[in-house]
Amino acid sequence: MAGGGTRNWRLVRADTDAVPSSARRFMARARQRKLRAAMPWLVAAGVLLVVGGLVWLVYGTSVLGVREVDVVGTELLTPEQIRTAAAIEPDRPLARVDLGAASARVRGLPAVDRVLISRSWPSTVVIEVVERVAVAAVPAKQGFILIDDEGVPFRAVAEQPAGLPLARLLTPGPLDTNTASALTVLGALSDELRKQLVAVAVPSPVQIRLELRKGRVVIWGDDTKSIEKSKVATELLGQKGEEIDVSAPTVVTIR
């Protein structure tokens, strides 16, 4: 170059209009393809963030924690006794409450027959209790022990509840043979016999007897054919005699 001068080069960004329209369309479609390809990943990432936040909110914070424990169905027990047995921690995330363990603790109360524990969102645990129902009172050293239709002793009381017969048993319990015999006989009695019944005494499974009002006694024998024995004894209630022996229901004696 003349004069020994040097050339200065400069990069100049071309104006958009300088790019051919076909090239612009190609580049736009390329950007769209990239965006469409990335969209599922962006959506998935967003969903994961939302789900993770919800999981943390439900399981990791007290925002949805236990604020109240509702107890339904108690008569013998108080709601506070049930809450104490359930031992559910206040403010514990509702989703993390171990309902099975709480149910087992409540079932440990002698007066509880069945229990159902459930969550009521956003912050309540509901405990539904079915208590045992007494079918007889067993005389004890101090007062009486109530047993249910399975022979389970579940409550001690100072006085015999009105309308509840006595069951004279040495060792009442669901595994006791004498208790099982007493329950079999009680379940077979007619309404007339129930009205007259004072106590069922079972010193042994083959020496069952009913103690009725006015000092009358029904010798029952064992608990076999109890429905038949009940029918025969009911028919003989109107006859005179202090002792009715239905231990062999086909050969009845009255003394």
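This structure is a prediction, so every number in the text was calculated from the model and none was measured.

Trainee: Would you take a moment to explain the packing of helix α4 (residues 177-188) against helix α6 (residues 226-235) for this structure?
Mentor: Packed helices, taken two at a time, are described by their axes: the angle between them and the distance between them. It is at 8 Å that the axes of α4 and α6 come closest, and there the two elements cross at 50°. Judged by the angle between their axes, α4 and α6 are oblique. Both α4 and α6 take part in a crossing whose hand is right-handed. Facing α4, whose interface residues are Thr184, Val185 and Ala188, α6 presents Ser226, Ile227 and Ser230. Considered class by class, the residues forming the contact of α4 with α6 number three nonpolar, three polar and no charged.

Trainee: For this particular structure, what's the right way to read the nonpolar core?
Mentor: For soluble globular proteins, the rule of thumb is that nonpolar side chains tend to be buried together. Core analysis: the largest hydrophobic core is formed by 28 residues, its most contacted members being Ile82, Val106, Ile117, Val125 and Ile127. Among the secondary structure elements, those contributing two or more residues to this core are β1 (68-72), α2 (79-86), α3 (99-107), β2 (112-120), β3 (124-131), β5 (144-147) and β6 (153-157). Ignoring anything within four residues of it in the chain, the contact list for isoleucine 82 reads Val71, Thr74, Leu77, Val106, Leu109, Val112, Ile127 and Val129. The next biggest cluster of nonpolar side chains, apart from the first, holds 25 residues, and it includes Leu189, Leu193, Leu212 and Trp220.

Trainee: I would appreciate a short explanation of the pairing of β6 in the present structure.
Mentor: The two faces of the sheet receive side chains in turn, since in a regular strand these alternate between them. The pairing of β5 with β6 spans four bridges and is classified as antiparallel. When the bridges of β6 are listed, phenylalanine 144 appears paired with valine 157. Two successive antiparallel strands, β5 and β6, enclose a turn made up of five residues, where glycine 151 displays a positive phi of approximately 85°.

Trainee: Just checking my understanding: could you explain the sheet that holds β1 for this structure?
Mentor: Through backbone hydrogen bonds, the strands of a sheet pair up, either in parallel or in antiparallel fashion. Reading across from one edge, β1-β3-β2 is the order of the three strands in this open sheet, with mixed pairing throughout. Of all strands in the sheet, those bounded by a partner on one side alone are β1 and β2. On average, each strand axis in the sheet is tilted by 20° relative to the strand beside it, whichever way the strands run. Strand direction decides the pairing type here: β1 and β3, joined by five bridges, are parallel.

Trainee: I tried to follow unusual backbone geometry on my own but got confused; where do I start?
Mentor: Most peptide bonds take the trans form, and the phi angle of most residues other than glycine is negative. Cis rather than trans, the peptide bond between tryptophan 121 and proline 122 has omega equal to 15°. Of note in this structure, lysine 214 is not a glycine but carries a positive phi near 65°. By the element assignment, lysine 214 lies in the loop between β9 (208-212) and β10 (217-221). Its identity is not glycine, yet lysine 225 carries a phi of approximately 55°, on the positive side. As for its position among the elements, lysine 225 is in the loop between β10 and α6. When its relative accessible area of 54% is taken as the criterion, lysine 225 is described as exposed.

Trainee: Sorry if this is basic, but what is going on with the side chain of serine 123 here?
Mentor: Its location among the elements puts serine 123 in the loop between β2 and β3. Those residues within four positions of serine 123 in sequence are excluded, and the remaining contacts are Gly65, Val66, Arg67, Glu68 and Leu94.

Trainee: Would you mind going over the environment of glutamate 150 with me for this structure?
Mentor: Counting through the fold element by element, glutamate 150 comes out in the loop between β5 and β6. For glutamate 150, a relative accessible area of 47% puts it in the partly exposed group. Taking the C-alpha atoms as reference points, glutamate 150 and proline 174, separated by 24 residues in sequence, lie 5.8 Å from one another. Excluding anything up to four places from it in sequence, glutamate 150 contacts Arg132, Pro174 and Leu183.

Trainee: Teacher, can you tell me more about the pattern of salt bridges here?
Mentor: Opposite charge on two side chains permits pairing when their charged atoms draw close. Under the defined criterion, the tally for this structure stands at 11 salt bridges. The shortest N-O distance in the salt bridge between arginine 92 and glutamate 89 comes to 4.0 Å. Residue class for arginine 92 comes out partly exposed when judged on its relative accessible area of 27%. Classification of glutamate 89 as partly exposed rests on a relative accessible area of 47%. Each of the salt bridges in this network shares a partner with another, and the network as a whole consists of Asp113, Arg114, Arg132, Asp148 and Glu150.

What counts and how
- Residues numbered from 1 in each chain as written.
- Predicted model: local features only at pLDDT ≥ 70, side-chain atom pairs only at ≥ 80, totals over all residues.
- Heavy atoms only, no water.
- Axes fitted to C-alpha atoms, helices over the stretch in contact; angles between N-to-C directions.
- Helix = DSSP H or I, 4+ residues; strand = E, 2+ residues; numbered from the N terminus.
- Parallel < 35°, antiparallel > 145°, perpendicular 65-115°, else oblique.
- Left-handed = near helix turned anticlockwise from the far one by under 90°.
- Contact = heavy atoms within 4.5 Å.
- Nonpolar A, V, L, I, M, F, W, Y, C, P; charged D, E, K, R; others polar.
- Core = buried A, V, L, I, M, F, W, Y, C linked by side-chain atoms within 4.5 Å.
- Buried < 20%, exposed > 50% of the residue type's maximum accessible area, 1.4 Å probe, protein only.
- Pairing = 2+ DSSP bridges.
- Salt bridge = Lys/Arg side-chain N within 4 Å of Asp/Glu carboxyl O.

None of this, on its own, says anything about what the molecule does.
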